[in-house]
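Spelled out, the chains give:
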Amino acid sequence: MEISRDAATASGRRQCWALVGFAAAVFVAAAIGGLGVQGTTDEYASLRQPGWAPPSWLFGPVWSLLYALIAVAGWLVWRRVGFSPALWAWTAQLVLNAIWTPLFFGAGQYGLAFAEIVLMWLAIGLTVVLFARVSRVAAALLLPYWAWVTFAAALNLSIWQLNS
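This write-up is about the structure you can find in this document. (Residues numbered from 1 in each chain as written. Predicted model: local features only at pLDDT ≥ 70, side-chain atom pairs only at ≥ 80, totals over all residues. Heavy atoms only, no water.)

### Topic: the packing of helix α3 (residues 59–81) against helix α6 (residues 136–162)
Packed helix pairs are specified by the crossing angle of their axes together with the interaxial distance, meaning the distance between the axes. The following threshold applies: The axes are straight lines fitted to the C-alpha atoms, using for helices just the contacting stretch, and the angles between their N-to-C directions are given from 0 to 180°. Helix and strand assignments come from DSSP, with helices taken as H or I runs of at least 4 residues and strands as E runs of at least 2, each series counted from the N terminus. When the near helix sits turned anticlockwise from the far one by under a right angle, the crossing is termed left-handed; a clockwise turn instead gives a right-handed crossing. Only heavy atoms matter for contacts: two residues are in contact if any of them lie within 4.5 Å across the pair. Each residue gets one of three labels, nonpolar for Ala, Val, Leu, Ile, Met, Phe, Trp, Tyr, Cys and Pro, charged for Asp, Glu, Lys and Arg, and polar for the others, Gly among them.
For the pair α3 and α6, interaxial distance at closest approach is 8 Å and the crossing angle is 145°. Relative to α6, the crossing made by α3 is left-handed. Seen from α3, the contacting residues are F59, V62, W63, L66, L69, I70, V72, A73, L76 and V77; seen from α6, they are V137, A138, L141, L142, P144, Y145, W148, V149 and L155. Grouping the constituent residues of the contact of α3 with α6 by class yields 19 nonpolar, no polar and no charged.

Dropping the structure here:
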């Protein structure tokens, strides 16, 4: 009985550390993106934007929630199948997520950023499909993210058109 209790404790610790690892991976992607937006509030405000563009203060809270959902979704899939094609898709969309912000804000490459966000959107879609085969909850956790990236892609396209 003592051995199984120790095994359960070790498994619980492993699960906890894995969740920390997924949160750290998402944090790194967010931090890379954050480096791309340092001091860009004025730049964003100076761009010609559609009337439906959100205020810049909204992005931080929305992305904080979405990043938490992305981490938990990845962790849930890992718990069931380990590192599988679903998690490689998760990793790919996360890398694309990290790249978009520096392209858009840091480099001011609105057209290239739009092409990149379309790839990110497709990668998120693939991740949702692959996650749904493993965990419907994990797939559902990514739906707000996919919806927000859909909105962000439309906003990116509009800003690109209005400012070129």
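There's plenty left to go through after this.
### What about the nonpolar core?
Quick note on the threshold: Think of a nonpolar core as a cluster: buried Ala, Val, Leu, Ile, Met, Phe, Trp, Tyr and Cys residues, connected wherever their side-chain atoms sit within 4.5 Å. Exposure classes here rest on a 1.4 Å probe applied to the protein chains alone. A residue is buried below 20% of its type maximum, exposed above 50%, and partly exposed in between.
Core analysis: the biggest nonpolar cluster contains 51 residues, and I70, W90, F104, M120, F131 and Y145 have the highest contact counts within it. Mapped onto this core, the elements with two or more residues apiece are α1 (2–35), α3, α4 (85–106), α5 (110–134) and α6. Counting residues per element, this core draws most heavily on α3, which supplies twelve residues. Contact partners of I70, with chain neighbours within four places excluded, come to V26, W90, Q93, L94, L142 and Y145.

### Some details on a nonpolar patch on the surface
Threshold: Here the term patch refers to residues with relative accessible area over 30% and no salt bridge, with like charges joined within 9 Å and nonpolar side chains (Val, Leu, Ile, Met, Phe, Trp, Tyr) within 5 Å. Note that accessible areas follow from Shrake-Rupley with a 1.4 Å probe, and for residues the cover is restricted to the protein chains shown. A pairing counts as a salt bridge when a side-chain nitrogen of Lys or Arg comes within 4 Å of a carboxyl oxygen of Asp or Glu.
On the surface, a cluster of nonpolar side chains totalling about 350 Å² of accessible area is made up of V118, L119, W121 and L122. Inspection of the secondary structure assignment puts L119 in helix α5.

### A short note on the side chain of N97
Position of N97 among the secondary structure elements: in helix α4. Classification of N97 as buried rests on a relative accessible area of 4%. Contact partners of N97, with chain neighbours within four places excluded, come to W63, Y67, E116, M120 and Y145.

### Some remarks on the packing of α3 against α4
The line we're drawing: Small angles under 35 degrees read as roughly parallel and large ones over 145 as roughly antiparallel, with 65 to 115 read as roughly perpendicular and the rest as oblique.
It is the contact of α3 with α4, at a shortest axis distance of 10 Å, that shows an interaxial angle of 160°. Relative to α4, the element α3 lies roughly antiparallel. Once α3 is placed against α4, the crossing between them reads as left-handed. Every residue of α4 that contacts α3 at W63, Y67, I70, A71, G74, V77 and W78 is listed here: A86, L87, W90, Q93, L94 and N97. Partitioned by chemical class, the residues of the contact of α3 with α4 number ten nonpolar, three polar and no charged.

### Brief notes about the packing of aromatic side chains
This is how it is decided: Each Phe, Tyr or Trp ring, with Trp reduced to its six-membered ring, pairs with another whose centre is within 6.5 Å; inter-plane angles below 30 degrees give stacked pairs, above 60 give edge-to-face pairs, and intermediate values give tilted ones.
Inspection of the entire model under this criterion finds 16 aromatic pairs. A centroid spacing of 5.1 Å and a plane angle of 65° characterise the contact between F22 and W90, whose relative ring orientation is edge-to-face. Note that F22 is positioned in helix α1 and W90 in helix α4, a separation of 68 residues in sequence. There is no split in this pair, since F22 and W90 are both buried. Ring geometry for W52 versus F151: centroids 5.5 Å apart, planes at 65°, classification edge-to-face. Of this pair, W52 sits in the loop between α2 (41–46) and α3 while F151 sits in helix α6, and the two are 99 residues apart along the sequence. Taken together, the ring pairs in this structure connect Y44, W52, F59, W100, F104, F105, Y110, W148 and F151 into an aromatic cluster.

### A short note on the environment of W63
Mapped onto the fold, W63 is located in helix α3. When residues no more than four places from it in sequence are discounted, the contact partners of W63 are N97, Y145, W148 and V149.

### Here we look at the environment of L76
Considering the arrangement of structural elements, one finds L76 in helix α3. Each C-alpha atom of the pair L76 and T91 lies 14 Å from the other, and the pair is 15 residues apart in sequence. Other than its neighbours up to four places away in sequence, L76 contacts V137, A138 and L141.

So, to be careful, I would describe these as geometric facts and stop short of saying anything about function.
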